[in-house]
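Topology and contacts: notes
The chain contents come next:
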Amino acid sequence: MDLKVAIIGCGAIGREIALSIDAKKIPNCKLSILFDIDSLKLESLYKNLHTKPSSIFDDFDELVASNDYHNVNLVIEAASVKAAQTYMAAILKQGKDIMIMSIGAFSDPAFYENIIQVLTDNDNNVFLPSGAIGGADIIRSVKNYIEEVTIVTTKSNKSLKGAPYFYNNDIDIDVIKEKKVIFDGNAINAIKEFPSNVNISALVSLAGIGFEKTRVKIVVDPKIINNQHEIQVKWKFGSFQINVDNIPSPDNPKTSYLAILSAIECLRGICAKNLKIGS
Ligand SMILES: NC(=O)c1ccc[n+]([C@@H]2O[C@H](COP(=O)([O-])OP(=O)(O)OC[C@H]3O[C@@H](n4cnc5c(N)ncnc54)[C@H](O)[C@@H]3O)[C@@H](O)[C@H]2O)c1
C-alpha cells in the first residue's frame, strides 16, 4: 500500500518533492495534502500537478481537522524553523511520522527535549535528511571519539541576505565587497542568527557532539555563486574533512539544490520496501 504524504511548505524544497511524487519517481508514495500559509505558492504548485492531492490548506488547524489528514502516514516539513517548532510535537502526538528539513529547530534545548519525550511516549519516527552535506553516517560512527568539529560555510551576499544577524548587528550585507568571516561561534548561536542558512550545522551537531560544542564559521564571499560547506573533524584515531560545493536552488538562493535531492532520496528510502543503502 502507498505511503500517504502531507507536505508543509510549497517553496523550493516542498515543490520539488511534490513534483517528484507526481512524476512517479518515488515508488509506493502518494501525495495526499499540501499546506502553505502562502496561498499563491500553494495554488501555483497545485496547478502544476497532474495527479492532484486530495486536499490543500493554508491553515494548520483546518488541515489537522480534515478527514484526509487522518489517513496521512508521513508529514514532510519544508517551511521554516518556526514552523517546525510550532507543528512538530502535535503531528507526532497525532501518530504521524515526520521528515524535518528545518533541522535548526532542534537547537532549542527545551524543544529538543520535548520532542525526545514525545517520541518516547509515541511509536513513531522523525526523519532528518542529510540535506546540503553528506557524511552524517561517518560523524555518527565516530561521535564518542570526536575532539573538535568545525563547519565553515561560505556563501554569497545574495544567499545570506535577510538573516537576522545583519539586522541584529546593524550591518548592510550589500556593502561587503571582500571575502570575510562574519560569524564564528557555536551552532546554537549560528542557527539563531542564520536560521535559513545553516541547517547543516544542526545535522552535524545532532550526529556528533551537540550544538554547544560544534563550532560554526560563516564566510561571506561576494565573488562566489555556489554555497560551500567544509566540515572539519578531529577525533581520537584520525581526522577527516568533508567538502561540498553546491549550486543553489533556482527558486531559493539560500537552499542548495543538493538539499532538495537529499530530501527526495530520504523519502524514497522511507517508502522503499527492500534495499536500504548507506543508512
Ligand atoms: N536540512 C537542510 O540541509 C536544509 C537545506 C536547505 C534548506 N533547509 C530548510 O528547509 C526549509 C524550507 O526550505 P526552502 O528552500 O523550501 O524554503 P522556501 O522559502 O523556498 O519555502 C518555504 C515555504 O514554506 C512556507 N511557510 C513558511 N512558514 C510556514 C508555516 N508556518 N506553515 C506553512 N507554510 C509555511 C512559505 O510560505 C514557503 O512557501 C527552510 O527552513 C530551510 O532553512 C534545510
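The rules behind these values
- Residues numbered from 1 in each chain as written.
- Predicted model: local features only at pLDDT ≥ 70, side-chain atom pairs only at ≥ 80, totals over all residues.
- Heavy atoms only, no water.
- Pairing = 2+ DSSP bridges.
- Helix = DSSP H or I, 4+ residues; strand = E, 2+ residues; numbered from the N terminus.
- Axes fitted to C-alpha atoms, helices over the stretch in contact; angles between N-to-C directions.
- Contact = heavy atoms within 4.5 Å.
- Buried < 20%, exposed > 50% of the residue type's maximum accessible area, 1.4 Å probe, protein only.
- Core = buried A, V, L, I, M, F, W, Y, C linked by side-chain atoms within 4.5 Å.
- Domains from an automatic or database assignment.
- Patch = residues over 30% accessible without salt bridge, like charges linked within 9 Å, V, L, I, M, F, W, Y side chains within 5 Å.
- Areas by Shrake-Rupley, 256 points an atom, 1.4 Å probe, with all protein chains shown as cover.
- Salt bridge = Lys/Arg side-chain N within 4 Å of Asp/Glu carboxyl O.
- Lys, Arg positive; Asp, Glu negative; His and termini not counted.
- Charge placed at Lys NZ, Arg CZ, Asp CG, Glu CD.

Before going further, it helps to spend a moment on the sheet that holds strand 9 (residues 215-220). With respect to topology, five strands assemble into an open sheet ordered 8-9-7-10-11, the strand pairing being mixed. The open sheet has two free edges, formed respectively by strand 8 (180-186) and strand 11 (238-246), since each of these has just one partner strand. Pairwise comparison of adjacent strand axes, ignoring direction, gives a mean angle of 15° for this sheet. Bridge analysis of strand 10 (residues 227-235) against strand 11 gives nine bridges, and the strand direction is antiparallel. If you follow Val233 over to strand 11, its bridge partner there is Phe240. Contacting strand 7 (146-155), strand 9 and strand 10, helix 11 (residues 199-207) runs over the sheet at an angle of about 170° to strand 7.

It is worth spelling out helix 1 (residues 12-22) at this point. Across the eleven residues that make up helix 1, a large majority, eight, are buried. Those residues of helix 1 lying buried are Ala12, Ile13, Gly14, Ile17, Ala18, Ser20, Ile21 and Asp22. Of the residues flanking the end of helix 1, it is Lys24, one or two places downstream, whose phi is positive at about 60°.

Turning to the nonpolar core, a few remarks are in order. One finds Met88, Ile182, Phe194 and Ile231 to be the most contacted residues of the largest nonpolar core, which totals 64 residues. No other element matches helix 5 (residues 81-93), which puts eight residues into this core. When residues of this core are assigned to domains, at least three map to each of domain 1 (3-127 + 258-271) and domain 2 (136-246). Those residues in contact with Met88, other than ones at most four positions away along the chain, are Ile98, Ile100, Phe106, Phe111 and Ile115. If you look at the next biggest cluster of nonpolar residues, it comprises 27 residues, including Ile21, Leu45, Ala78 and Met101.

What follows is about a negative patch on the surface. A cluster of acidic residues, Glu43, Asp58, Asp61 and Glu62, forms a negative patch on the protein surface. Here Asp58 shows up in the loop between strand 3 (55-57) and helix 3 (60-65).

The tally for this structure, following the rule as stated, stands at four salt bridges. One salt bridge in this structure joins Glu148 and Lys234, with 3.9 Å as the shortest N-O distance. With a gap of 86 residues between them, Glu148 in strand 7 and Lys234 in strand 10 connect regions that are remote in the sequence. The class of Glu148 is partly exposed, set by a relative accessible area of 41%. Where Glu265 meets Arg268, a salt bridge forms, and the shortest distance between an N and an O atom there is 2.4 Å. On the criterion of helical spacing, the pair formed by Glu265 and Arg268 is a turn pair, its members being three residues apart in helix 12 (residues 257-271). Among the residues examined, Glu265 registers a relative accessible area of 45% and is labelled partly exposed. Classification of Arg268 as partly exposed rests on a relative accessible area of 27%.

A few words on the environment of Leu63. If you trace the backbone, Leu63 turns up in helix 3. A relative accessible area of 3% places Leu63 in the buried class. Discounting residues that sit within four places of it in the chain, Leu63 has contacts with Ile33, Phe35, Phe57 and Tyr69.

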